[in-house]
Amino acid sequence: MAKQSLRKIRLSTNPTEDELRALKLGDVVYLHGSVYTAREGVYIRVVEDKHPLPLELPKESAANFHCSPAASINDDGSINMGAVTATASFRFSKWLDDWFKVSGAKLILGKGGMTSNDYRRDFVPNGAIYLTTVGYGTGALLGRGVQRVRDVYWSDDLGLAQAIWLIDVEEFGPFIVESDFEGNSLFERENARVAETLTRAYEGTRPAVLKRFGETDDRTDELI
Amino acid sequence: MISLDLIESTANELMRKAAVEIPCDYLTALQQLTAEEEASLSCFVLETMLENYEAAETDGRPMCGDTGCPRWYVKFGNESRVEGGGVGLEAALRRATAQATHDIPLRPNRVHPLSRADHNNNVGIGAPEIEYGFEPDGEWIDITTVHKGGLFGTDYRMLFPSDGIAGIRRFFLDSLAAFGKRGLACQPAIIGIGLGGSKDACMVLGKRAACLRTVGDQNPDPKIAELEEELKELGNSIGMGPMGFVGKSMVVDCHIEVGYCHTGGMQMSIHAFCLSSRRATARLYPDGRTEYRTDPQWFTPYQRRETVEWLNSP
Ligand code: SF4
């Protein structure tokens, strides 16, 4: 097994520009402060339907987590939260530029990242970066970093999975830096390396006799 | 007669076990892959996963915050009787699903596909799925729950006899690469492959191959077992590891199940059972005993029979 050689960094959920600038692709990050969940339900309500935000952003937090927690609300209003895991982010890119403007988010936490085009178009101008969760099934570790659930917004309208959960966190992680301040993508860098070995593995295979419309023969292509 | 109380309480416990405890066959295999992985990012991911399983068991919290889509497989020993019949059984499993979703808690993942209505309990139209099987002899029933991740790593393709093994290899690689990039399939995974049947049967076979067979298990047909091994090695040679990073840990094991198909076709489905390979089984007896295990033992000679009569019948 290779010795781990990754840099570990503790980062606030309201980071300064200098702190963000110093992050390198592949750095391991642990967060402290507060994060909130917001995904398509919230984006549609805020960005498209122009609903005012139910909490003060980015004052409360500049870290938007693409996540639906495994949580339940008891009859007395108390909350159980066990594990939290991100959901795939590429589906949300179309709302992000507007979302950055409304929310002032500086950190997007999620699964799988977006394309470097998205980063350059939406993230860089808004001074934001993308941190990916690890695995991705590290819900129990992330759950340990949750100190308490501060509030839940819009759970009646959007359901528990799409609601905004505001949670206080400490040693919340690990995350890996997927996009840097210039908008480079770690996944794209890794994909380019994998493409070479992948091409060799395809030797001795044959394309299906019945084709599908619009398929790719380029091993560097991604489908997101 | 197996009582409904026993079914419901066992089902509740199965829901918890599946969500919290990583099955030992998968865990051992992942430890092995971690020991052999050389790339530093891939290594970091695997080591973090191993820590995560420990945290889940110690704290009694779900391994993954996306707790998948709970479903049930029920197998009846041919002499078994259930209180309340099939309707009673289904009600007990639906109650246990809702109760465990609240108590553990699990993520209420199930929504209406159009209205997006969420009952916050993983129960709704067609949810949870309940599938059935039978075994000769036995007064027991086996209940298995599987909480498979829902979105990525599954595909189907109509292949033809002329596609041959080369075509199977190709579709296998296409799917691994498509869902493996950025780790959308949460690999390394147990890959299940269905061959033959019809489109729907092929999907069912592949999903069961992924979720109901354990790491190290081989198909009894030596030709198929050889293909399982070959595809596993092929999958681990594409240079990709967890999260799509450079590495060689992609396929924990490959399981293939076949079904007789139309003479002109060779349907193929592929299913990745993710880093949280959540499955748990219990055998329930009429005297109230239950035995828990992590191997569903679904695929028996009876399930794979190919003759008109069941020749081993008494
Ligand atoms: S696919 Fe990944 S995120 Fe989804 S349940 Fe499995 S480990 Fe969790």
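As the structure is a prediction and not an experimental result, all values here were calculated from the model. (Residues numbered from 1 in each chain as written. Chains lettered and ligands numbered in written order. Predicted model: local features only at pLDDT ≥ 70, side-chain atom pairs only at ≥ 80, totals over all residues. Heavy atoms only, no water.)

## Remarks on the overall build of chain A
Then step 1. Assigned secondary structure in chain A consists of seven helices and nine strands.
Then step 2. In summary, chain A has a C-alpha radius of gyration of 19 Å against a globular reference of 17 Å for 224 residues, a match within 12%.
Then step 3. When its C-alpha atoms are laid out on the principal axes, chain A stretches across 60 × 40 × 35 Å.
Then step 4. Within chain A, buried positions represent 59% of all 224 residues.
Then step 5. Long-range contacts, defined here as pairs at least 24 residues apart, represent 67% of the contacts in chain A between residues at least 6 apart. (Helix = DSSP H or I, 4+ residues; strand = E, 2+ residues; numbered from the N terminus. Rg over C-alpha atoms; globule rule 2.2 N^0.38 Å. Buried < 20%, exposed > 50% of the residue type's maximum accessible area, 1.4 Å probe, protein only. Contact = heavy atoms within 4.5 Å.)

## Some points on the sheet that holds strand β4 (residues 154–159) of chain B
Strands pair in a sheet through their backbones, by hydrogen bonds, and they do so in one of two ways: parallel or antiparallel.
Residues and elements named next belong to chain B.
Then step 1. Ordered in space as β4-β7-β5-β6, the four strands form an open sheet in which the pairing is mixed. Looking at strand neighbours, the two that pair on one side only are β4 and β6 (251–259), the edges of this open sheet. On average, adjacent strands in this sheet sit at an angle of 15 degrees to one another, irrespective of strand direction.
Then step 2. As paired strands, β4 and strand β7 (residues 266–273) are joined by six bridges and run antiparallel to one another. (Pairing = 2+ DSSP bridges. Axes fitted to C-alpha atoms, helices over the stretch in contact; angles between N-to-C directions.)

## Notes on the pattern of salt bridges
Then step 1. Using the criterion set out here, one finds 41 salt bridges over all chains in the structure.
Then step 2. The partner of A:Arg193 in a salt bridge is A:Glu190, and the shortest N-O contact between them spans 3.3 Å. Here A:Arg193 and its partner A:Glu190 are both found in helix α7 (residues 186–201), three residues apart, which amounts to about one turn of the helix.
Then step 3. Given the relative accessible area of 46%, A:Arg193 is considered partly exposed.
Then step 4. Linking B:Glu131 and B:Arg71 is a salt bridge whose minimum nitrogen-to-oxygen distance equals 2.5 Å. Here B:Arg71 lies in strand β1 (residues 69–77) and B:Glu131 lies in strand β2 (residues 130–135), a separation of 60 residues in the sequence.
Then step 5. When its relative accessible area of 16% is taken as the criterion, B:Glu131 is described as buried. (Salt bridge = Lys/Arg side-chain N within 4 Å of Asp/Glu carboxyl O.)

## Remarks on the domain arrangement of chain B
All names here are of chain B.
Then step 1. We note that the domain assignment places domain 1 (4–18 + 63–149 + 279–293) and domain 2 (151–272) within chain B.
Then step 2. Between the C-alpha centres of domain 1 and domain 2 there is a distance of 26 Å.
Then step 3. The interface of domain 1 with domain 2 comprises nine residues on the first partner and 13 residues on the second.
Then step 4. Between domain 1 and domain 2 lies a buried interface of about 820 Å² when both sides are counted; carbon and sulfur atoms form 53% of it.
Then step 5. By the criterion of area lost to domain 2, the three top residues of domain 1 are Tyr73, Lys148 and Arg279, representing 64% of everything that side buries.
Then step 6. Between the two partners, domain 1 and domain 2, sit one salt bridge.
Then step 7. A salt bridge links glutamate 131 to arginine 208, with the nearest nitrogen and oxygen atoms 2.5 Å apart.
Then step 8. In this assembly, domain 1 and domain 2 are joined by three residue pairs in polar contact (both at pLDDT 80 or more).
Then step 9. At the level of secondary structure, the elements contributing two or more residues to the side of domain 1 that touches domain 2 comprise β1, β2 and β3 (141–148). (Domains from an automatic or database assignment. Buried area = accessible area lost by both parts, 1.4 Å probe. Polar contact = N/O pair within 3.5 Å; in protein donor to acceptor, adjacent residues only side chain to side chain.)

## Remarks on the pairing of β7(B)
All names here are of chain B.
Then step 1. Extensive coverage of β7 is indicated by the burial of eight of its eight residues.
Then step 2. What you see with β7 is no split at all: Met266, Met268, Ile270 and Ala272 on one side and Gln267, Ser269, His271 and Phe273 on the other are buried throughout.
Then step 3. Bridge count for strand β5 (residues 189–196) against β7 is six bridges, and the pairing is antiparallel. Looking at β7, one finds that leucine 195 is bridged to methionine 268.

## Quick notes on the site of the ligand
Then step 1. Looking at the ligand, the residues that line it are A:Thr85, A:Lys111, A:Gly137, B:Cys64, B:Asp66, B:Gly149, B:Cys186, B:Cys274, B:Ser276 and B:Arg278.
Then step 2. More than one chain reaches the ligand: the nearby residues come from chains A and B.
Then step 3. Residue composition of the shell around the ligand, by class: three nonpolar, four polar and three charged. (Near = heavy atom within 4 Å. Nonpolar A, V, L, I, M, F, W, Y, C, P; charged D, E, K, R; others polar.)

## Topic: unusual backbone geometry
All names here are of chain B.
Then step 1. Cis geometry marks the peptide bond from isoleucine 104 to proline 105, where omega comes out at -10 degrees.
Then step 2. Within the fold, proline 105 resides in the loop between α4 (85–103) and β2.
Then step 3. Of note, the bond from glutamine 187 into proline 188 is cis; its omega dihedral lies within 30 degrees of zero at 0 degrees.
Then step 4. Relative to the helices and strands, proline 188 is located in the loop between α5 (164–180) and β5.

## Things to note about the packing of aromatic side chains
Residue and element names in this part refer to chain A.
Then step 1. With the rule as written, the count across this model stands at 17 aromatic pairs over all chains.
Then step 2. Considering the side-chain rings of phenylalanine 65 and phenylalanine 172, the 5.9 Å spacing of their centres and the 85 degrees angle between planes classify their relative orientation as edge-to-face. Separated by 107 residues along the polypeptide, phenylalanine 65 in strand β3 (residues 63–65) and phenylalanine 172 in strand β9 (residues 164–177) bring together distant segments of the chain.
Then step 3. Seen in terms of ring centroids, tyrosine 119 and tyrosine 130 are 6.2 Å apart; in terms of plane orientation they differ by 50 degrees. Their pairing is tilted. Here tyrosine 119 is found in helix α4 (residues 116–123), whereas its partner tyrosine 130 is found in strand β7 (residues 129–133), with 11 residues between them in sequence. (Phe/Tyr/Trp six-rings, centres within 6.5 Å; stacked < 30°, edge-to-face > 60°.)

## With respect to the sheet that holds β1(B)
Residues and elements named next belong to chain B.
Then step 1. Strand order in the open sheet formed by five strands is β2-β1-β3-β8-β9, with mixed pairing between adjacent strands. If you trace the sheet from one side to the other, it starts and ends with β2 and β9 (290–293), each paired once. Averaged over all adjacent pairs, the angle separating strand axes in this sheet is 20 degrees, with direction ignored.
Then step 2. As paired strands, β1 and β2 are joined by six bridges and run parallel to one another. Bridging across to β2, glycine 77 finds its partner in glutamate 135.

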